[in-house]
There are 2 protein chains.
Amino acid sequence: MSTTPTFLQPAARAAGYRPSPVRDFWEVSMQPGVISLAGGNPDLTVLPLAELGSAASRIVTERGMEALQYGSGTGTQGARDAVVRVMAAEGIPVDADSVQITAGSQMALELVIKLLCDPGDVILAEGPTYVGALGVFAGLQVDVEHVAMDQDGLRPDALEEAIARLRSQGRTVKALYTIPNFHNPTGITLSAERRPQVVDVCRRAGVPIIEDNPYGLLSFDGEVQQSMQQLDPENVIYLGSFSKIVAPGLRVGWAVAPEPLRRPLQLASEATTICASVLSQALIEEYVLGHDWQAALTTARGLYRGRATAVREALEEHMPAGTRWSTPRGGFFTWLDLPEGVSCHTVLDAAIDAKVVFVPGTAFYDGPDFGVGAPGLSQLRLAFSLEDEDTLREGVKRLGGAIAGR
Amino acid sequence: MSTTPTFLQPAARAAGYRPSPVRDFWEVSMQPGVISLAGGNPDLTVLPLAELGSAASRIVTERGMEALQYGSGTGTQGARDAVVRVMAAEGIPVDADSVQITAGSQMALELVIKLLCDPGDVILAEGPTYVGALGVFAGLQVDVEHVAMDQDGLRPDALEEAIARLRSQGRTVKALYTIPNFHNPTGITLSAERRPQVVDVCRRAGVPIIEDNPYGLLSFDGEVQQSMQQLDPENVIYLGSFSKIVAPGLRVGWAVAPEPLRRPLQLASEATTICASVLSQALIEEYVLGHDWQAALTTARGLYRGRATAVREALEEHMPAGTRWSTPRGGFFTWLDLPEGVSCHTVLDAAIDAKVVFVPGTAFYDGPDFGVGAPGLSQLRLAFSLEDEDTLREGVKRLGGAIAGR
């Protein structure tokens, strides 16, 4: 009766699931007095909770037989109509029939990678990139090749070079994963000039683009960017999310894929989750189709703009010489380059002592976390989405002390 | 500009995502006058919708900052406490800390298979088995070996033989997937005598058991069965679901795994969905901890018992000679063996003409759907969970005509 259970001999992919540094900071950031510049949580105080509560009550009481039952594998008609409305607000015309609802946009990425990539295939992504995407890639044993970015976003020349180099090495490049607007973690937006260039490089190389756009409606000035999906709908898979513009706790996201991928996406989604929460979809439908969701969003944008300004001013005041930072025009994040020779891990230790936390830069690269040459070792991400301006100023002040004193 | 996008060269696993016959019948079964004996949807008329609506309103209005925000990767404390309560009602003592909440129990199975299985590994499963599990296995490129069952459920001798045979062929057997209670699709329950035998075979062979138990609380007489998880907690991964006892539209399920698997499960869950709908989890918490959920369940059990009886009586009255069926003591399904030489596909064509639908037996086996020797070709599944007794009688009568007239 003592044979070893075989889950002590796990699948190869099991090694790819590493703790997310973002989530591991939760525990520290929950301690009293600690200021968290770590997690990218939206500010939900702008939501009309009483109205949403009434809507939830109405949905369950009047439409409960449907909203509590199994739902359509592509998503409810109402949720897909809400997606059409939200994408229209960003200037992207789509048809409801082309929308696949998923249990959050992380799930949409998971499904797309499942359909595109065999183990050992390569996904191109900005360096740095979203830590949750790295988790999806690692879990599906896909290799990541980071492509350089600068203050105008992903560099088309570096993209073209990477594709050619990888192919000359016999590697199979399956897609470019990119966050063009208010990029996580850098806050940088791909310039208007580069968008058609990136699209063109990928089209010529036969490399589909996965355009991940959770922050597109969160520019500080209300301006929207041109979507790459519109530039080349046949070669771009668009991922959207209600998490940053409505509420992440509902776990509803979506994909708009080129026609050949739609049915496979639906089947993969059904095989993985059957469907997204039908109650959540109904609440999204009620809110986006029946309420002034854009008013709440405008309020939120104002909050985020003020907070980004507070962080920038505090950085100018408190950062030691040699520290540089990005200047986001929307979204949740600022990215810091530390003075030469300073490690983000050393700074984090000092910062925790000073009761402020952030996410170290190494989390956003595929590669080793420590040691000379670890990518991101001299960088870090600050989130300004959730704390108020005074708290953010105090947090940046503590961080400045931690960097100076390390 | 005309290079072929590489999603026309999909991943090998993409071929594994086949349409679920259960969901494809939705369209036919939605036509007016068609009686569906196909989908295993729970009857939600037993739910106290007004009370649930008030709870939903209260959650959003009073706890919205938390219920609409990102939640814990293992699940909310409240949802895990609700799982403890539900499992206690089935006589299974567990600690809330051992519970991993997932976006439905299909997702729990997906995560477990991700962690255990490399492509080409083998999962043992009853023949026939749950069509959604076959979708998970196919999507992760895991091979399925069906193990024979009889009226007492999975046969321990056949299980032992299959493990030995597969190993002698050099195959890697990673787990037994089993639905011991009111099995989908057969309705059969594993006998009390066989439970320790199955557990013992697996323990001796070092093969973990995945015990999928969505129907355990749905016995017609209220009796509960011994869980295999209790017989060998170190070698059994237990999967549970609120879909059949509360509401599937919330998409909340769970896993109780042996200690070494818990942290990997959490990380895989975070990488795949971040967390389950926090709103759904809050509603489950309110309902299970704050309301008499067992009263609704008792009512539901009575409904299902009456419906199963109606189906059995109608089968006795209307089936042509040579047809046999299982006699479930709970759950949603009855399994039919057709007269010799009769194909379930031929019967389905005639049945659709007669305005009744069911799921053909081939859907529940890994293998070809058509042709001589296709497993399940002379079998079919009848669901009695959703239609009322008169409708079920009429549906079975039409089915009898379709079988007799084929």
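The UniProt entry for chain A carries this comment under Subunit (unreviewed entry): "Homodimer." Per UniProt, the comment on chain A under Cofactor (unreviewed entry) is "pyridoxal 5'-phosphate".

S.K.: A description of the domain arrangement of chain A should follow, citing residues and the corresponding values.
M.R.: All names here are of chain A. By domain assignment, chain A separates into domain 1 (12-41 + 295-405) and domain 2 (70-290). A straight line from the C-alpha centre of domain 1 to that of domain 2 covers 24 Å. Listed by partner, the interface residues are 28 residues for domain 1 and 31 residues for domain 2. Each partner contributes to the roughly 2600 Å² buried at the junction of domain 1 and domain 2, and carbon and sulfur atoms together form 63% of this total. Three residues stand out in domain 1 for area buried against domain 2, namely Arg301, Arg329 and Phe364, and they jointly supply 24% of the buried area on that side. Summed over the shared surface of domain 1 and domain 2, the number is zero salt bridges. Counting across the interface, domain 1 meets domain 2 through nine residue pairs in polar contact (both at pLDDT 80 or more). Every element with two or more residues in the side of domain 1 that touches domain 2 is listed here: helix H1 (21-29), helix H11 (293-318) and strand S11 (333-337). For the side of domain 1 that touches domain 2, the element with the highest residue contribution is H11, accounting for six residues. Looking at the side of domain 1 that touches domain 2 residue by residue, the classes come out as 16 nonpolar, six polar and six charged.

S.K.: Before we move on, can you summarise the sheet that holds strand S14 (residues 379-383) of chain A with the specific residues and values?
M.R.: Residue and element names in this part refer to chain A. If you trace the four strands from one edge of the open sheet to the other, you get S10-S11-S14-S13, paired in antiparallel fashion. Edge positions in the open sheet fall to strand S10 (324-325) and strand S13 (359-360), since each of these has one partner strand only. When S10 meets S11, the two strands line up antiparallel, connected through two bridges. Each bridged residue has a counterpart across the sheet, and for Trp325 the counterpart in S11 is Leu336.

S.K.: Which residues make up the packing of aromatic side chains, and what are the values?
M.R.: Here the structure, examined in full by the defined rule, presents 16 aromatic pairs over all chains. Plain terms: the ring middles of A:Tyr215 and A:Phe333 are 5.9 Å apart, the flat faces sit at 85 degrees to each other, and that makes the pair edge-to-face. Linking A:Tyr215 in the loop between strand S7 (209-212) and helix H8 (228-231) with A:Phe333 in strand S11, this pair joins segments that are 118 residues apart in sequence. Plain terms: the ring middles of B:Phe332 and B:Phe333 are 6.1 Å apart, the flat faces sit at 65 degrees to each other, and that makes the pair edge-to-face. According to the relative accessible area criterion, B:Phe332 is buried, its value standing at 0%. Aromatic rings pair up to connect A:Tyr215, A:Tyr304, A:Phe332 and A:Phe333 into one cluster.

Parameters and conventions
Residues numbered from 1 in each chain as written. Chains lettered and ligands numbered in written order. Predicted model: local features only at pLDDT ≥ 70, side-chain atom pairs only at ≥ 80, totals over all residues. Heavy atoms only, no water. UniProt positions renumbered as here; feature names shortened; annotations may be inferred. Domains from an automatic or database assignment. Contact = heavy atoms within 4.5 Å. Buried area = accessible area lost by both parts, 1.4 Å probe. Salt bridge = Lys/Arg side-chain N within 4 Å of Asp/Glu carboxyl O. Polar contact = N/O pair within 3.5 Å; in protein donor to acceptor, adjacent residues only side chain to side chain. Helix = DSSP H or I, 4+ residues; strand = E, 2+ residues; numbered from the N terminus. Nonpolar A, V, L, I, M, F, W, Y, C, P; charged D, E, K, R; others polar. Pairing = 2+ DSSP bridges. Phe/Tyr/Trp six-rings, centres within 6.5 Å; stacked < 30°, edge-to-face > 60°. Buried < 20%, exposed > 50% of the residue type's maximum accessible area, 1.4 Å probe, protein only.

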